[in-house]
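# Residue-level structure breakdown
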Amino acid sequence: MIRHIAKLVWNRKRSMSLLLVEIFLSFIVAFLVCDNLISGLFNYFSPLGYNYENLWDIRLESTTDRPFGKLSAEKAVQYGMLMNEIRSFAEVKEAEYIIGNIPYANLRVNNSLEYEGKTVFSGVSYVGDNYLKTMEMTLVEGRWFGPEDDGAAYEPLVIDETFKINLFGDGEALGKKIEDPTDEELEKSGAKYNIIGVVQTVRPRGELNDPEGEVFLRQKWDDSSHIPLAAMVRVGKGTSVSFEVQLQRRLAALAPDINFRIVPLAEARDAKLTEMGLVIILPIIVAVFLLFNVALGLFGIFWQAISRRRGEIGLRRALGADSRVIPLQIWGETVALGTMAILAGIPVVVNLAVLGVSKPIGSSIFFLALVCAGGMIYLILSICAVYPSFLAAQIQPAEALHSE
């Protein structure tokens, strides 16, 4: 039966060429939709690497200093006084300054680091010794920054698990000396950073973004440091909005040359999810609309094909074919047609993975997207073939005589 169906489809391949192309393109679209959707779901349910609840982003916008500039001794005293004031409130559990990748912010600071000729691109943030506790990040190996790093021969560096895998694979990372290939004074200073710790993968861009690798550099917030971009503040559960107003007024009174903008990360997260959700959902809606139109077209083509084959099907019935076998034959031809189009589309989706348009070939997301796309095409074809095959089963043997 299978061999017979395959032969029927192959003999009509020329007349069905446009239909094959249509199913082929539908498979490519379905694969991209599934890859995008499955990737988003995987990312959403993966750990962020920090706890955004009860965490505030206090953005520091100085009206007198340029962003990322060096801290003078006078400014270091001012920022130290501000941090002490923040920590003095009973509502504040932990607090620390940061320069770099603030969670859910539309800012991305990147750098490349090198080890034994291999260079890896990653996000980079400059943080203080209390940042681990403030963000409630998970330390996997080694330790976080501390006073023992004062005067170290190499600048201490903490990396996340994704960066470790990207640079070292399954190898050890602690104690490795890595370099900044963009540093003009690298030849004079030699290896620049010493890895002292590894934290769980951190995704500051939010739940719907892929892990990109993050590294953390220590800042003492003295005249050797740069001007902080923001203060991350963890407050007690149930802290009221009135405290936000009170805190902003106290800080503004201490530093009138700095604008303070307080954003709870829970609110920033909601805005980011909405923004990224639209980026993911809109193409999916367009693709679903296209697939729906393809399904309508396939339904019409199958219906027309059955009408043209009434004589052939009637002859089969006259030769003793069971009416219950006719729908199975029509469905089998439809599946065979879809299989040919999918087999032609697999090399294309493999090339998409190689080019970086979709997830890598060896990843579970690529395999799941491939299976889901194939299943979606078979489902569409099966639905489109249901009614035409039902009509085919109703054809009587006398139809063969009409054709003659």
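Residues numbered from 1 in each chain as written. Predicted model: local features only at pLDDT ≥ 70, side-chain atom pairs only at ≥ 80, totals over all residues. Heavy atoms only, no water.

## Looking at the overall build of the protein
Under the convention used in this document: The helix and strand labels rest on DSSP assignments: H or I over at least four residues marks a helix, E over at least two residues marks a strand, and numbering proceeds from the N terminus. Working definition: with a 1.4 Å probe on protein chains only, accessible area under 20% of the residue-type maximum means buried, over 50% means exposed, and in between means partly exposed.
In terms of helices and strands, the protein carries twelve helices and eleven strands. The buried share of the protein, reckoned over its 404 residues, is 46%.

## Describing a nonpolar patch on the surface
We apply this condition: Residues enter a patch when their relative accessible area is above 30% and they make no salt bridge; the linking distance is 9 Å between like charges and 5 Å between nonpolar side chains (Val, Leu, Ile, Met, Phe, Trp, Tyr). Accessible surface area values rest on a Shrake-Rupley calculation with a 1.4 Å probe, where residue burial reflects the displayed protein chains alone. By salt bridge we mean one thing: a side-chain nitrogen of Lys or Arg within 4 Å of a carboxyl oxygen of Asp or Glu.
Side chains of Leu-37, Leu-41, Tyr-44 and Phe-45 sit close together on the surface and give an oily, nonpolar patch of about 420 Å² of accessible area. When you line up the elements, Tyr-44 lands in helix H2 (residues 17-44).

## Things to note about the packing of helix H3 (residues 73-88) against helix H7 (residues 241-254)
Two numbers describe a pair of packed helices, the interaxial angle and the distance between the axes. The cut-off we apply is this: Structural elements are reduced to axes, namely lines fitted to C-alpha atoms, with helices fitted over the stretch in contact, and the angle between N-to-C directions of any two is expressed from 0 to 180 degrees. For classification purposes, an angle smaller than 35 degrees is called roughly parallel, one larger than 145 roughly antiparallel, one from 65 to 115 roughly perpendicular, and anything else oblique. Whether a crossing is left-handed or right-handed is set by the direction in which the near helix is turned from the far one by less than a right angle, anticlockwise for left-handed and clockwise for right-handed. Residue contacts follow a heavy-atom distance rule, with two residues in contact if any of their heavy atoms lie within 4.5 Å. Amino acids outside the nonpolar list (Ala, Val, Leu, Ile, Met, Phe, Trp, Tyr, Cys, Pro) and the charged list (Asp, Glu, Lys, Arg) are all regarded as polar, and Gly is one of them.
Between H3 and H7, whose axes approach to 10 Å, the crossing angle comes to 155°. Overall, the two elements H3 and H7 adopt an arrangement that is roughly antiparallel. Seen from above, H3 lies across H7 with right-handed handedness. For the pair H3 and H7, the contacting residues are Gln-78, Met-81, Leu-82, Glu-85 and Ile-86 in the first and Leu-247, Arg-250, Leu-251 and Leu-254 in the second. Here the contact of H3 with H7 is built from residues that sort into six nonpolar, one polar and two charged.

## Structural notes on the packing of aromatic side chains
Threshold: In this scheme Phe, Tyr and Trp rings, the latter by its six-membered ring, pair at centre separations within 6.5 Å, and the angle between planes marks the pair as stacked below 30 degrees, edge-to-face above 60, and tilted otherwise.
This model, assessed by the stated rule, comprises twelve aromatic pairs. Pairing Trp-144 with Phe-145 gives two aromatic rings, centres 4.8 Å apart and planes at 55°, and the pair type is tilted. Across the pair, exposure class does not vary: Trp-144 and Phe-145 are buried alike.

## Considering the pattern of salt bridges
A full pass over the atoms with the stated rule returns 17 salt bridges. The salt bridge partner of Arg-59 is Asp-57, with a shortest N-O separation of 2.6 Å. Comparing Arg-59 with Asp-57 shows no difference in burial state: the two are buried. Between Asp-257 and Lys-75 there is a salt bridge whose closest N-O contact spans 2.6 Å. In this pair, Asp-257 is assigned in the loop between H7 and strand S11 (258-264) and Lys-75 in helix H3, connecting sequence segments 182 residues apart. Here the two residues Asp-257 and Lys-75 agree in accessibility, since each one is buried. One connected set of salt bridges, linked through shared partners, spans Arg-108, Arg-205, Glu-212 and Glu-214.

## Regarding the nonpolar core
Note the cut-off: Side-chain atoms within 4.5 Å link the members of a nonpolar core, which is a set of buried Ala, Val, Leu, Ile, Met, Phe, Trp, Tyr and Cys residues.
Counting residues in hydrophobic clusters, the biggest one holds 27 residues, and the most contacted among them are Ile-23, Phe-27 and Leu-298. Ranked by residue count, the leading element in this core is H2, at nine residues. Those residues in contact with Phe-27 that lie beyond four places of it in its chain are Ile-342, Gly-345, Ile-346, Val-349, Leu-370, Ala-373, Gly-374 and Ile-377.

## Some remarks on the pairing of strand S9 (residues 214-218)
As a reminder, the rule being used: Strand pairing is assigned whenever DSSP identifies at least 2 bridges connecting the two strands.
Burial of S9 is extensive: five of the five residues sit out of reach of the surface. Along S9, one buried face is formed by Glu-214, Phe-216 and Arg-218 and the opposite face, lined by Val-215 and Leu-217, is buried too. Strand direction decides the pairing type here: strand S4 (residues 118-127) and S9, joined by five bridges, are parallel. If you follow Tyr-126 over to S9, its bridge partner there is Leu-217. Summarising the sheet, strand S6 (residues 155-160) and S9 pair through three bridges and their orientation is antiparallel. When the bridges of S9 are listed, Leu-157 appears paired with Leu-217.

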